[in-house]
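So you can see what is in the structure, the chains are spelled out below.
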Amino acid sequence: MEDGIESSSLNFIVGSVREIKGTVVIVRLFENTSQLIYFFNGEKYSGIIIGSYIGIVRGQYTIVGKVEKEYAYDLLKDSSIQEFRKDRFVREIEVKIIGSFKGNTYESGMVAFPQIFNDVILLSEKQKKEIIGGSGEVTEADAKKIPKISIGKTWPDRITYNLRWYKLFNSHIAIFGNTGSGKSNTLAKLYHELFKLGLVENQLNFGTSKFVLLDFNGEYVGKDSVIANKKIYNLSTAGKLDDTLCEEDHFLHIPEKRFWDKDMLSVLFGATEQTQQPFLGRVLNYYFEAEGDFKSNLPEYIAQAFKNVYIVPNKNSLDLFKQVLKLLDLTANEVSDWIDNTVYNSTRESFYSKVLLNNWEPGSGRNEGTYYWHAEEDKVNEEKVVVRSKLDILLSRSDRSNPMRDLQIASYLKMIYELRQNTVQYDHIAPLLHRIESRVNDFSKIFKIATGDDEIFSDTVNVVSFKNVNQDMKMIIPMIIAKITYEMNKERNIQKDRIFNLIIDEAHSILSDSSSRESEKWKDYRLEVFEEIIKEGRKFGYFLSIASQRPADISPTIVSQIHNYFIHRLVNDNDLRLLDRTMTSLDSVSKENIPNLAPGQVIATGVLFELPITMEVDRLDKKIAPSSENTPLLEIWQKKNQNDSYRDFLFD
């Protein structure tokens, strides 16, 4: 314990005001004011360092200032004299005024101004709690009724800081920090404390509010990670399923009416604006305008496509028709013996066969043994009736329920029709058909299309893991989740009785505006979805919480619209410049401290915080914390023949 300064005053006086420059005050400190801790009149006081708070007494006000600079003032003011004497220099600090106490009530802002020679005093821990807590909108009596959430202690005073969570979680939140800075621990700690209030201690009732955490690396899928009461969706495009989960937990259920969105599907499949997007629109309008029509009318659609193939012979049409049958697990001979026996003559642009087929004309002379199709409508209609009757039986046995596969089939059928009408060039639409084919396989492993219009997530807390999802789908799935959940929350939150909080760890993975892996059109659409949420979501109770180690890679529009920031250590110049441009609430001292923050230290700033606050975030218990720790090399590389005493010494 360090000795305090003797004083007969009720206040602990440490200096006086020497100069005032607007809101900046120069304070000359007395001797013996350089200790870290003092005790005075039974109260504990922290000493004066950069970032601490001091009081300036003027009448009934105690004006509060934050220390931003400290230096030694040369009383001689003569640089030619190099002699150092104790009585030559005095200690001075530069203080920025941030608020005032009137009695025991704190009010932020310029309430009162100091004067030259006003006494400067240390503030008690109780007063500092009032400053850090801000001049809140609830009375002291009401504040006692509100459950408290704390994620750590302030630095350097180590005062437990209670977050005004009722203002934090209805805002957009960003947590930035380099690898190893404690970013994931802060994200998990914030939501663990909130979920504990509602799901463990039952002090809150979340109602129909939803929290969805997008987990790119499988860090939050542990049984107790963040909170035990959660639903885990372990998605996979690699066929690796988690045996501890039921089958349904490997899929996201998308309402059918939300899936058939032309704009979203156009972007998902990379449809070009001039040709492919209008084609996809025609597919949706013709086959999927009414719910359930496609499946019931499929026999007729396929029979009509059969007719279109043989009315205007075309090799591409024939190949597409065979693909349709393959997708339906039908063989060509089950439908019509015409199909497998048809050969395309590119010179005559016609069909022929080496097998006698009903209504085909036999060749003569050197063409004897070859049979020709002359594209007569009466004859093809006759075969169409046979095809339709077979399809009615064959498809009635099939229990198909895959709307994404239906989209692929419908695209092929529509292409066959338009090749007959000669309204499109096959080469213009073929790339779209190939993209649909390649992505439908992945979509089928991730999504199930559900009838009705139920929400994707039914539980309060949900974790969606992308650990076993390929890179292409990691970009697509979060955008689909965000778009559909945002639209549904906007429609259903008219009474403002719920919120939807989308939590994205490693947010640079999907919010980057500099990705080179995708087309500009797709990137623009993806960013537009999230930028609309960040700009308009607050009105509809939809909020984003993002965490990233590379904030400079995230769209500046998104970063600038964040309400509250938790900044861990960042050293990259691009990241620091971004924060300097977008976070006007950061003071100069806090900005300079960012590259020097220790692991676990964070600077909190934004609309919730009347001034930036540096905190040390409490570490979560290992079973609750996300699985983001470094690999313990000492433990895994220790020699097999190490004796027990050495091992105990090494890991003590």
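Look above for the structure.
Here we summarise the structure given alongside this text. (Residues numbered from 1 in each chain as written. Predicted model: local features only at pLDDT ≥ 70, side-chain atom pairs only at ≥ 80, totals over all residues. Heavy atoms only, no water.)

1. Here we look at the overall build of the protein
To be explicit about the condition: Each helix corresponds to a stretch of at least 4 residues labelled H or I by DSSP, and each strand to a stretch of at least 2 residues labelled E; elements are numbered beginning at the N terminus. For this measure, only C-alpha atoms enter the radius of gyration; the expected value for a globule follows 2.2 Å times N^0.38, where N is the number of residues. Classification of residues uses two cut-offs on accessible area relative to the type maximum, computed with a 1.4 Å probe and protein chains only: under 20% is buried, over 50% is exposed, and between them is partly exposed. In summary, the charge assignment counts Lys and Arg as positive and Asp and Glu as negative, without counting His or the chain termini. By convention, the charge on Lys lies at NZ, on Arg at CZ, on Asp at CG and on Glu at CD.
Check the secondary structure of the protein and you find 22 helices and 26 strands. Against the compact-globule benchmark of 26 Å for 652 residues, the protein has a radius of gyration of 35 Å, which places it well outside the compact range. C-alpha atoms of the protein, sized along the principal axes, occupy 125 × 65 × 60 Å. A buried classification covers 50% of the 652 residues belonging to the protein. Of note, the protein has its 82 positive side-chain charges centred 1 Å away from the centre of its 93 negative side-chain charges.

2. Description of the sheet that holds strand β26 (residues 609–617)
Counted only if it meets this: Paired strands, in this sense, are two strands between which DSSP finds at least two bridges. Note on geometry: axes are C-alpha line fits, over the in-contact stretch for helices, and angles between N-to-C directions span 0 to 180 degrees. Any two residues having at least one pair of non-hydrogen atoms within 4.5 Å are treated as being in contact.
Spatial strand order, β11-β10-β26-β25-β24-β12-β23-β22-β13-β21-β14: 11 strands in an open sheet with mixed pairing. What marks the edges here is a single partner per strand, and that holds for β11 (160–163) and β14 (231–236). Strand-to-strand, the axes of this sheet are offset by a mean angle of 25 degrees, without reference to chain direction. Note: strand β12 (residues 173–176) against strand β23 (residues 542–548), 4 bridges, orientation parallel. Each residue of the ladder has a partner; that of F176, found in β23, is S548. Those strands touched by helix α4 (residues 183–200) are β10 (149–154), β11, β12, β13 (210–215), β21 (461–468), β22 (500–504), β23, β24 (564–567) and β26, and its axis lies near 140 degrees from that of β10. Relative to the sheet, helix α15 (residues 471–492) contacts β13, β14, β21, β22 and β23, its axis offset from that of β21 by approximately 160 degrees.

3. As for a nonpolar patch on the surface
The following threshold applies: The patches reported here contain residues having more than 30% relative accessible area and no salt bridge. Joining distances are 9 Å for like charges and 5 Å for nonpolar side chains (Val, Leu, Ile, Met, Phe, Trp, Tyr). Surface accessibility in these figures is a Shrake-Rupley result with a 1.4 Å probe; residues are shielded only by whichever protein chains are displayed. We define a salt bridge as a side-chain nitrogen of Lys or Arg found within 4 Å of a carboxyl oxygen belonging to Asp or Glu.
Side chains of L36, I37 and F39 sit close together on the surface and give an oily, nonpolar patch of about 270 Å² of accessible area. Of note, F39 is situated in strand β3 (residues 37–40).

4. Overview of the sheet that holds strand β16 (residues 343–345)
Strand pairing within a sheet occurs via backbone hydrogen bonds; the two strands may be parallel or antiparallel. Spatially, β16-β17-β19-β18 is the arrangement adopted by the 4 strands of the open sheet, whose pairing is antiparallel. The two strands at the open ends of the sheet, each matched to only one other strand, are β16 and β18 (361–362).

5. Some details on the nonpolar core
For clarity, the threshold we go by: By nonpolar core we mean a set of buried residues, namely Ala, Val, Leu, Ile, Met, Phe, Trp, Tyr and Cys, connected to one another through side-chain atoms within 4.5 Å.
With 118 residues, the main nonpolar core has Y310, L502 and I546 as its most contacted residues. Counting residues in hydrophobic clusters, the runner-up holds 48 residues, among them I98, I132, L190 and L213.

6. Some points on α15
In plain terms, the rule: Under the convention used throughout, the expected extent of a helix is 1.5 Å for every residue step, that is, one less than its residue count.
Taking 1.5 Å per residue as the helical rise, α15 with its 22 residues ought to reach 32 Å, and the 32 Å between its terminal C-alpha atoms agrees with that figure. Of all 22 residues making up α15, 16 are buried, and the element is well covered by its neighbours.

7. Quick word on the pairing of β21
In terms of burial, β21 is a largely internal element, 6 of the 8 residues being buried. In this sheet, β21 lies alongside β13 in parallel orientation, the contact comprising 5 bridges. The residue of β21 that forms the bridge with F211 is V461. Bridge analysis of β14 against β21 gives 5 bridges, and the strand direction is parallel. Paired with S236 across the bridge in β21 is N468.

8. Regarding the side chain of S184
Its place among the elements puts S184 in helix α4. For S184, a relative accessible area of 9% translates into the label buried. Excluding residues that lie within four positions of it along the chain, S184 makes contacts with E219, Y220, D505, P626 and S628.

9. Regarding the side chain of H563
Just so we agree on the cut-off: We call two N or O atoms a polar contact when they sit within 3.5 Å, provided that within protein one can donate a hydrogen and the other can accept it, with sequence-adjacent residues counted only if both atoms are side-chain atoms.
Looking at the secondary structure, you find H563 in the loop between α18 (556–560) and β24. Taking the relative accessible area as the measure of exposure, H563 reaches 18% and is therefore buried. At 2.8 Å, the side chain of H563 and the backbone nitrogen of H172 are in polar contact. Apart from the residues lying within four places of it in its own chain, the contact partners of H563 are S171, H172, R538, T605, G606 and V607.

10. Examining the packing of aromatic side chains
Just so we agree on the cut-off: Here the aromatic set is Phe, Tyr and Trp, taking the six-membered ring for Trp, and pairing holds for ring centres within 6.5 Å; pairs whose planes are under 30 degrees apart are stacked, those over 60 apart are edge-to-face, and all others are tilted. A ring is considered to have a charge above it if a Lys NZ or an Arg CZ atom is located within 6 Å of its centre and within 35 degrees of its normal.
Tallying each qualifying case throughout the model produces 42 aromatic pairs. Consider the rings of W165 and Y166, whose centres lie 5.8 Å apart with planes at 80 degrees: the pair is edge-to-face. The exposure class of W165 is buried, given its relative accessible area of 14%. Connected via pairs of aromatic rings, a cluster forms that spans F306, Y310, F321, W338, Y344, F351, W360 and W373. Taking the ring centre of Y286 as reference, the NZ or CZ of K414 above it sits at 4.8 Å. Across the ring face of F251, the terminal group of K448 is positioned such that the distance to the ring centre comes to 4.6 Å.

11. Re the packing of helix α8 (residues 293–311) against helix α9 (residues 315–327)
Counted only if it meets this: When an angle is under 35 degrees it counts as roughly parallel; over 145 it counts as roughly antiparallel; between 65 and 115 it counts as roughly perpendicular; any other value is oblique. Should the near helix be turned anticlockwise from the far one by less than a right angle, the crossing is termed left-handed; should it be turned clockwise, right-handed. Under the grouping applied here, Gly and all other residues not named as nonpolar or charged are polar, the nonpolar ones being Ala, Val, Leu, Ile, Met, Phe, Trp, Tyr, Cys and Pro and the charged ones Asp, Glu, Lys and Arg.
Two numbers describe how α8 lies on α9: the axes approach to 9 Å, and their chain directions differ by 160 degrees. The pairing of α8 with α9 is recorded here as roughly antiparallel in orientation. Considering how the two elements wind past one another, α8 and α9 form a crossing that is left-handed. On the side of α8, the interface is formed by I302, A305, F306, V309 and Y310, while α9 contributes S317, L318, F321, V324 and L325. Here the residues of the contact of α8 with α9 are counted per class, giving 9 nonpolar, 1 polar and no charged.

12. Observations regarding the environment of D263
Structurally, D263 is set in helix α6 (residues 262–268). Judged by its relative accessible area of 42%, D263 is partly exposed. Residues D263 and N596, spaced 333 residues apart in sequence, show a C-alpha to C-alpha distance of 46 Å. Not counting residues within four places of it along the chain, the set of residues in contact with D263 comprises Q277 and Y525.

13. Focus on the packing of α8 against helix α12 (residues 377–396)
Where α8 contacts α12, the two axes come as close as 8 Å, and the packing angle between them is 150 degrees. Relative to α12, the element α8 is oriented roughly antiparallel. Where α8 crosses over α12, the handedness of that crossing is right-handed. Along its contact with α8, which presents L298, P299, E300, I302, A303, Q304, F306, K307, Y310 and I311, the element α12 presents E377, V380, N381, E383, K384, V387, R388, L391, D392 and L395. In the contact of α8 with α12, the residues fall into 11 nonpolar, 2 polar and 7 charged.

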